[in-house]
Amino acid sequence: MAISASPAHPPALTTAEALALDLLADGFSADDIRLRTEIAPDDLYRLAALHNVPAPHGTVEGFGCHRARRELPCEQCAPLEARFEAQARARQRIADAERTLGQQHRGRRSSLTRA
């Protein structure tokens, strides 16, 4: 018996996930969706693939959906790979900076409480 890569019935969506997928299908950017629902772009693309929700072709989000489905991007989405990668790197730099600043802030706060 072969094991399917995706379940026959995907798990139920939370309200935020359903909203995020609706916004994605309506053409909102992944960053706008994250601001509204707190769902990270990588999670958004995985959810879209799991629930078979496409993003508009010819958008970075469309490329992200192709990648999450592990398929070659269509002709309209293929040129957006570089932008997709640049946005992912930028999000990672921001997350790293926030983590570093948080650690510095905690260190500063603990040194002030010792004084």
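What you are looking at is a predicted structure, and each value in this text was computed from that prediction instead of being measured.

1. Describing the nonpolar core
Right, so step 1: Residues Leu 21, Leu 24, Ile 33, Leu 44, Ala 48 and Cys 65 are the most contacted members of the largest nonpolar core, which totals 20 residues.
Right, so step 2: Among the elements of the structure, α1 (15-25), α2 (30-37), α3 (41-50) and α4 (60-68) are those that each provide at least two residues to this core.
Right, so step 3: In this structure Leu 24 touches Ile 33, Leu 44, Ala 48, Val 53, Ala 55, Pro 56, Glu 61 and Cys 65, once residues within four positions along its chain are discounted.

2. Topic: α4
Right, so step 1: Burial runs high along α4: seven of the nine residues are buried.
Right, so step 2: Within the sequence span of α4, burial applies to Val 60, Glu 61, Gly 62, Phe 63, Gly 64, Cys 65 and His 66.
Right, so step 3: Just past α4, the residue Arg 70 takes up positive phi, approximately 55°.

Reading guide: rules and limits
- Residues numbered from 1 in each chain as written.
- Predicted model: local features only at pLDDT ≥ 70, side-chain atom pairs only at ≥ 80, totals over all residues.
- Heavy atoms only, no water.
- Core = buried A, V, L, I, M, F, W, Y, C linked by side-chain atoms within 4.5 Å.
- Buried < 20%, exposed > 50% of the residue type's maximum accessible area, 1.4 Å probe, protein only.
- Helix = DSSP H or I, 4+ residues; strand = E, 2+ residues; numbered from the N terminus.
- Contact = heavy atoms within 4.5 Å.

Take it as geometry only, folks, not as evidence of what the structure does.
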